[in-house]
Amino acid sequence: MAAGKEVISLQFGHFSNFVGTHWWNIQESGFDYSSTAPSEINHDILFREGETRLGQTTFTPRLLLVDLKGSLGSLPEHGGLYEADHEEQPEPVWVNQVDVQRREKFKNNEFLADLANEEKTGQPLPVDKQYKLDDYVDVWSDFHRTRYHPRSINIIKEYERGSETSAFDAFPQGTALWKTDFFEDNFVDSIRRYAEECDNLQGFQVIADAINAFGGLACSATQFLADEYSNKSIFCIPVGHGSYAERLACKETLRVANVALCLQTLATHSSMMAPMSTSRGFWQQDAVPRLLANVEYRAHLPYHTSSLIAATLDGCTLPYRLRNGQGMADLENNLVLSGRKAVATSLNLPFPLEGNLLSTLEDWEGPLLQGMSACCDQENDRVWVQSVSIRGVPVTKLKGPNAPNNSSNPAFTATRVDEMLRYFLQCTSPETKSHVFAAALPCQVGAPFPNIFSPRVSPTGSLLPDDQPNTSGVRTVPMLAGLHSSRSMGAMLESLQGQAAHTHWRNLPQLAEAGLERDDYNESLEQLMQFAECYNEEFEV
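The structure contained in this document is the topic of the report that follows.

What counts and what doesn't
- Residues numbered from 1 in each chain as written.
- Predicted model: local features only at pLDDT ≥ 70, side-chain atom pairs only at ≥ 80, totals over all residues.
- Heavy atoms only, no water.
- Pairing = 2+ DSSP bridges.
- Helix = DSSP H or I, 4+ residues; strand = E, 2+ residues; numbered from the N terminus.
- Phe/Tyr/Trp six-rings, centres within 6.5 Å; stacked < 30°, edge-to-face > 60°.
- Buried < 20%, exposed > 50% of the residue type's maximum accessible area, 1.4 Å probe, protein only.
- Core = buried A, V, L, I, M, F, W, Y, C linked by side-chain atoms within 4.5 Å.
- Contact = heavy atoms within 4.5 Å.
- Patch = residues over 30% accessible without salt bridge, like charges linked within 9 Å, V, L, I, M, F, W, Y side chains within 5 Å.
- Areas by Shrake-Rupley, 256 points an atom, 1.4 Å probe, with all protein chains shown as cover.
- Salt bridge = Lys/Arg side-chain N within 4 Å of Asp/Glu carboxyl O.
- Lys, Arg positive; Asp, Glu negative; His and termini not counted.
- Charge placed at Lys NZ, Arg CZ, Asp CG, Glu CD.
- Axes fitted to C-alpha atoms, helices over the stretch in contact; angles between N-to-C directions.
- Parallel < 35°, antiparallel > 145°, perpendicular 65-115°, else oblique.
- Left-handed = near helix turned anticlockwise from the far one by under 90°.
- Nonpolar A, V, L, I, M, F, W, Y, C, P; charged D, E, K, R; others polar.
- Polar contact = N/O pair within 3.5 Å; in protein donor to acceptor, adjacent residues only side chain to side chain.
- Right-handed = clockwise from strand over helix to strand, strands pointing away.

Here we take up the sheet that holds strand β8 (residues 272-273). Strand order across the open sheet formed by 6 strands is β5-β4-β1-β6-β7-β8, with parallel pairing between neighbours. Both outer strands of the open sheet, β5 (153-160) and β8, are each paired with one neighbouring strand and no more. Pairing geometry for strand β7 (residues 233-239) and β8, over 2 bridges, is parallel. The residue of β8 that forms the bridge with C236 is M273.

In structure tokens form, the structure reads like this:
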């Protein structure tokens, strides 16, 4: 059992489950079963230990995820891990027939086939094997390696993925669905059961598709959490893929309205929220994808874009996952000032460590981090306070052998990675208060993480002088990630509100049909503008 500080995770929507699947894969890849020393990262915070009826010990995410019918591929709804238990329970015959038909219809790709072989024979997955899954990933279960508790997966039967006749695409559809018996009874009961298992629950993290009805469902869940667990932290991560096949103006206007409603509601009921996307405006049809150094991702593939968001999430949440880190409430108290609950996110993956951290930072030019929130860039931004995490730089790579130890320069006398990075940030951004966290363990990006790194990146994440053929893939990388209370977040909210306000109500029939009143919509937009205006004021940290 965990010794406290547990976090319950909720995921709402297909793209959110892409993000979550990558993130849980990253976490599980970092498990070290051979070491006798405790890991820097306390995995009990996000995972729970359990036991099957056959006495087998399990370690699964403390997770509830929600998706539409047709989103699971070959994965059974009960998660597969407790399959023996599941089959022992009395069920209608048709349930087993559905599982059989699903497995026959969805043939495992090469990675899932190797994973199944590992479970059957005990032969571990080949460490150096590269999987080319770009053309074989349709749903998030096509690349999942983490096993789920039977209560984790929740499928909405009223709507089907990809259906035009029963599209789940309007924010108020989600808020209406929350009021059904399934969510008000079953789903809420699952939350309570997880909470009762915890020794000292510190809060919830909620990943949600912001562009469709899942945003409304997630917002209703967040409001429930704020009412039911008022003394717990609620960290919300609204996400968007940012690349859309439908080039219809009506689709874009609905996305804009959905995102505006989602962010306004989360700003009201969450403790902190961090919108994430690889696009500069993920609600827009022609938004420009971000360019990341030494990363060659395909912006139209959710399999790719979600992996970068998951890596960002891995770094941003490090402060409350470290064994000796701070809690979620501490992170929020550091960043949420004067009601500014929305924070920008950033990433540097892979962090190009050249020899040692001191020499790398001395030679650094330009912004240290690349923005991962729409409309937010680190360069020329006014950042009041930030939390920056660094992974994959052990203390042995802090300084070179010739660095003086008796210098009055704090960079030369630093003895910890977080200490040196904090001093660098103080020098380069003296008006910003920086909280820095470090873990020597690198970010795990082995299979089934996509092959998105340039040929200059070695299997362990270092930069090579020239492009090199890499037959084994990149397995680990140093990285930086950040959360920033910044003026650009206010500009993003203002831009979004302006686009939503310029859309005439008659062009949003889906909202009215789903039960949203025009006056309520206009009131939400007014509240969003008031929220955005909080970021125009200057103050001392």
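On to the packing of aromatic side chains. A complete count under the given rule lists 24 aromatic pairs for this structure. Geometrically, the ring pair formed by W24 and F47 is edge-to-face, given 5.4 Å between the ring centres and 90° between the ring planes. Highlighted residues: W24 in helix α1 (residues 14-29) and F47 in strand β2 (residues 47-51), separated in sequence by 23 residues. Each member of the pair, W24 as well as F47, carries the same accessibility label: buried. Between the aromatic rings of F282 and W283, the centroid separation amounts to 5.4 Å while the plane-to-plane angle is 70°, which identifies the pairing as edge-to-face. Accessibility expressed as a relative area gives 0% for F282, which makes it buried. Given the relative accessible area of 0%, W283 is considered buried. One aromatic cluster is present, formed by F12, W178, F182, F183, F187, F204, F224 and Y229 through successive ring pairs.

To continue, consider the nonpolar core. If you look at the biggest cluster of nonpolar residues, it comprises 71 residues, and the most contacted ones within it are F12, I156, L493, L511 and Y521. In terms of residue count, helix α8 (residues 249-269) provides more of this core than any other element does, 10 residues in total. For F12, the residues in contact, after removing those within four places along its chain, are V66, F187, V206, I207, A208, D209, F214, L217, A218 and A221. V19, W24, L313 and L349 belong to the second-largest nonpolar core, a separate cluster that totals 65 residues.

It is worth spelling out a negative patch on the surface at this point. A surface patch of like charges, here negative, comprises D181, E184, D185, D189 and E196. Residue position: D189 is located in helix α6 (residues 181-197).

Attention now moves to the packing of α1 against helix α9 (residues 302-316). In contact at an axis separation of 8 Å, α1 and α9 are set at 55° when each is read in the N-to-C sense. The orientation of α1 with respect to α9, classified from their angle, is oblique. Of the two elements, α1 crosses α9, and the hand of that crossing is right-handed. Residue-level inspection shows F15, F18, V19, H22, W23, I26 and Q27 of α1 in contact with α9, the latter providing P302, Y303, T305, S306, S307, I309, A310, A311, L313 and D314.

What follows is about the packing of α6 against helix α7 (residues 213-228). One can describe the packing of α6 onto α7 by two numbers: an axis separation of 12 Å at closest approach and a directional angle of 55°. If you check the angle between α6 and α7, you find them oblique. Like other packed secondary-structure pairs, α6 and α7 cross with a definite hand, here right-handed. Here F183, V188, I191 and R192 of α6 lie close against α7, whose contacting residues are L217, F224, L225 and E228. For the contact of α6 with α7, the residue count by class is 6 nonpolar, no polar and 2 charged.

Moving on to the pattern of salt bridges. Pairs can form between side chains of opposite charge once their charged atoms are near each other. By the definition in use, this model includes 17 salt bridges. Residue R48 pairs with E197 through a salt bridge whose shortest N-O separation is 2.9 Å. Of this pair, R48 sits in strand β2 while E197 sits in helix α6, placing them 149 residues apart in sequence. Looking at R48, the relative accessible area reads 12%, which means it is buried. Two residues, R382 and E431, come together in a salt bridge whose shortest N-O distance is 3.9 Å. Linking R382 in the loop between β10 (370-371) and β11 (383-391) with E431 in the loop between α14 (417-428) and β12 (433-439), this pair joins segments that are 49 residues apart in sequence. It is possible to trace a salt-bridge network through shared partners that takes in R48, R151 and E197.

Below, the discussion takes up unusual backbone geometry. Between L349 and P350 the backbone carries a cis peptide bond, its omega angle lying at -5°. Relative to the helices and strands, P350 resides in the loop between β9 (344-348) and α12 (357-362). The omega angle of the peptide bond from A447 to P448 is 10°, so this bond is cis rather than trans. Positive phi, close to 65°, is recorded for N294, a residue that is not glycine. A positive phi angle, close to 65°, is found at N380, a residue other than glycine.

Moving on to the side chain of D381. Looking at the element boundaries, D381 is found in the loop between β10 and β11. Look at D381: it is buried, it has no salt bridge, and the nearest opposite charge is R487 at 6.8 Å. Of the polar contacts made by the side chain of D381, one reaches the side chain of S488; its length is 2.6 Å. The contacts of D381, once residues within four sequence positions are left out, are S486, R487 and S488.

In regular strands, side chains alternate between the two faces of the sheet. Within β7, 7 of the 7 residues are buried, which leaves the element mostly enclosed by the surrounding structure. On β7, burial covers both faces: S233, F235, I237 and V239 on one face and I234, C236 and P238 on the other are all buried. Judged from the 7 bridges that link them, strand β6 (residues 203-209) and β7 form a sheet pairing that is parallel. By the bridge assignment, V206 is partnered in β7 with C236. Each parallel crossover has a hand, and the one from β6 via α7 to β7 is right-handed.

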